Amino acid sequence: MGMAAAASESRFHVLAVDDSLIDRKLIERLLKTSSYQVTTVDSGCKALEFLGWSEEERSNPTETSVSPNIHQELGVNLVITDYCMPGMTGYDLLKKMKSSYLRNIPVVIMSSEHVPSRINRCLEEGAEEFFLKPVRLSDVNKLKPHLMRTKFKNIMGNQEREESKEEETGIRTQKQQNVGLNKSNAMRKSSDHEGLSLDGLRQKYSGFTVITLLLSLVFSLCFLIFG
Amino acid sequence: MEVGQLQRSFLEYIAALFREGFLDGQFSQLQLLQDESNPDFVVEVVSLFFEDSERLLNDLTKALDQQNVDFIKIDAHVHQLKGSSSSIGAQRVKNACITFRNCCDERNIEACLRCLQEVKQEYLLAKTKLEALFRLEQQIVAAGGAIPILDEFS
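So, here's what we can say about the structure. (Residues numbered from 1 in each chain as written. Chains lettered and ligands numbered in written order. Predicted model: local features only at pLDDT ≥ 70, side-chain atom pairs only at ≥ 80, totals over all residues. Heavy atoms only, no water.)

1. Thoughts on the pairing of strand S5 (residues 129-132) of chain A
Residues and elements named next belong to chain A. Keep this limit in mind: Under the scheme applied here, a residue whose accessible area is under 20% of the maximum for its type counts as buried, over 50% as exposed, and between as partly exposed, the area being computed with a 1.4 Å probe on protein chains only. Under the DSSP-based scheme used, a helix requires at least four consecutive residues in state H or I and a strand at least two consecutive residues in state E, with every element numbered from the N terminus. The rule for pairing is simple: two strands pair if DSSP sees at least two bridges between them. The crossover handedness rule: strands pointing away from the viewer, path from first strand over the helix to second strand clockwise, crossover right-handed.
Across the two faces of S5 the burial is the same, with Glu129 and Phe131 and Phe130 and Leu132 all buried. When strand S4 (residues 107-111) meets S5, the two strands line up parallel, connected through four bridges. Each residue of the ladder has a partner; that of serine 111, found in S5, is leucine 132. Between the parallel elements S4 and S5, the chain passes through helix H7 (residues 116-124) in a crossover that is right-handed.

2. Remarks on the packing of helix H4 (residues 71-88) of chain B against helix H5 (residues 91-105) of chain B
All names here are of chain B. To keep things clear, this is the line we draw: Axis angles are defined between N-to-C directions and span 0 to 180 degrees, where every axis is a line fitted to C-alpha atoms and, for a helix, only to the segment in contact. Here the word oblique covers every angle except those under 35 degrees (roughly parallel), over 145 (roughly antiparallel) and from 65 to 115 (roughly perpendicular). Throughout, a crossing is termed right-handed when the near helix is turned clockwise from the far one, and left-handed when it is turned anticlockwise from it by less than a right angle. Only heavy atoms enter the contact rule, under which two residues are in contact if any of them lie within 4.5 Å.
Relative to each other, H4 and H5 sit at 160°, their axes nearing to 9 Å. On the basis of their axis angle, the class for H4 and H5 is roughly antiparallel. With respect to the hand of their crossing, H4 and H5 are arranged in left-handed fashion. Contact residues: H4 offers Phe71, Ile74, Asp75, Val78, His79, Leu81, Lys82, Ser85 and Ser86, while H5 offers Val93, Lys94, Cys97, Ile98, Phe100, Arg101 and Cys104.

3. With respect to the interface of chain B and chain A
In plain terms, the rule: Here the quantity called buried area is the accessible surface, traced with a 1.4 Å probe, that two parts lose on coming together, added over both. Salt bridge criterion: a side-chain nitrogen from Lys or Arg within 4 Å of a carboxyl oxygen from Asp or Glu. N or O atoms closer than or at 3.5 Å make up a polar contact, with two conditions inside protein: a donor-capable atom paired with an acceptor-capable one, and, for residues adjacent in sequence, both atoms drawn from side chains. Amino acids are sorted into nonpolar (Ala, Val, Leu, Ile, Met, Phe, Trp, Tyr, Cys and Pro), charged (Asp, Glu, Lys and Arg) and polar (every other residue, Gly among them).
The interface of chain B with chain A comprises 21 residues on the first partner and 14 residues on the second. Across the interface of chain B and chain A, roughly 1600 Å² is buried in total on both sides, 62% from carbon and sulfur atoms. Taken together, the connections running from chain B to chain A amount to three salt bridges. Along the contact surface separating chain B from chain A lie four residue pairs in polar contact (both at pLDDT 80 or more). Within the residue set of the side of chain B that touches chain A, elements represented by two or more residues are helix H2 (25-32), helix H3 (41-64) and H4 of chain B. Tallied by class, the residues present in the side of chain B that touches chain A amount to seven nonpolar, nine polar and five charged.

4. Focus: a nonpolar patch on the surface
The condition that has to hold: The patches described consist of residues with a relative accessible area above 30% and no salt bridge, like charges being joined within 9 Å and nonpolar side chains (Val, Leu, Ile, Met, Phe, Trp, Tyr) within 5 Å. Residue burial considers only the protein chains on display, and all accessible areas are found by Shrake-Rupley using a 1.4 Å probe.
A grouping of Leu221(A), Leu224(A), Ile225(A) and Phe226(A) is seen on the molecular surface, where their side chains present a nonpolar patch of about 510 Å² in accessible area. Leu224(A) gets classed as exposed once you look at its relative accessible area, which sits at 67%.

5. Side note on the sheet that holds strand S2 (residues 37-41) of chain A
Residue and element names in this part refer to chain A. Read across the open sheet, the five strands follow the order S2-S1-S3-S4-S5; overall the sheet is parallel. With partners counted over all chains shown, the strands left at the sheet margins are S2 and S5, one partner each. Shown here is a sheet whose adjacent strand axes are inclined to one another by a mean of 20°, direction ignored. Where strand S1 (residues 13-17) meets strand S3 (residues 78-82), four bridges bridge the pair, whose relative direction is parallel. Across the sheet, the residue bridging to alanine 16 is isoleucine 80, located in S3. Each of S1, S2, S3 and S4 touches helix H2 (residues 21-33); the most contacted strand, S2, lies at about 170° to it.

6. Points about the side chain of Ser84(B)
As for its position among the elements, Ser84(B) is in helix H4. A polar contact of 3.2 Å, which involves the side chain of Ser84(B), links it to the backbone oxygen of Leu81(B).

Distances and angles like these do not, on their own, reveal function.
Encoded structure:
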């Protein structure tokens, strides 16, 4: 069954990780209000379990173009995690994901404490956003661009994923230059302004990426049918 | 009492809670998340907060009563309580927790005991006021009215 069809028909699925029951209830409500499908777990370990992490997959990290696709079919499009958790912290979870076949799933970190070094560390490790708790609807609204970007990438096969990785590195380099300022809501007022210019840049890349990827898809399909 | 009067009492009561610092903007955020499909969301979350807080306050009392006080554990409990009070907008409880954490840092048992008392007091006040607010809501609904939203703090 066409992945493109599956992806467009289903809602985005967000996995929320937090050891606090109250915060899980809150984030679940926030995400459902924004029409996302939500799964909540209370630890980093359970998050990895849910994402299909196993010893087997660890020893064959990118053996496949198949394995990552399967996980996208299981349908987690974004992980939002608390930073401070007993055992595996949100940062540990982020690192594990980014150094594995789960690296293409965008990760957002939440924390009740505004520690600039913590924020920078998470963003440098590959987190898309850093939200200060308590998280609000206006924060959840910031998730959409990250989900849309990943959705287009995941429609493709491995070859296209390689191309898009290069794009992503370009974006991430840009991001690292703006680290700490744009991506956390810690400075809500100034971040709105700077966030706009970064979004503009990202849209420029997205447009280009979309055309490239669509063309590649067409060629791949032609090859498959007629080749 | 007729609905209009009940609604006015409700608005005055909740406005006072904001004015006196018992509640902050986060409580309004909770109200925004409540709708016809989740009509009891605020009560549910606040009830979870009550259960969670009472458990934590008990644990804190026990922990401070030990021969060898484990300040790391105490700090962890207070951090949790600070987080949950912040998540529901219980501002004065949250602030009392912040003060408590400072005392933990100083590893001062006497100061911690005073802080615990303060947090307990603020918690009981918050609980009493929120329960009164929810009773007012129930009265409005029972009288066939809708619960008004206080706009200025959302």
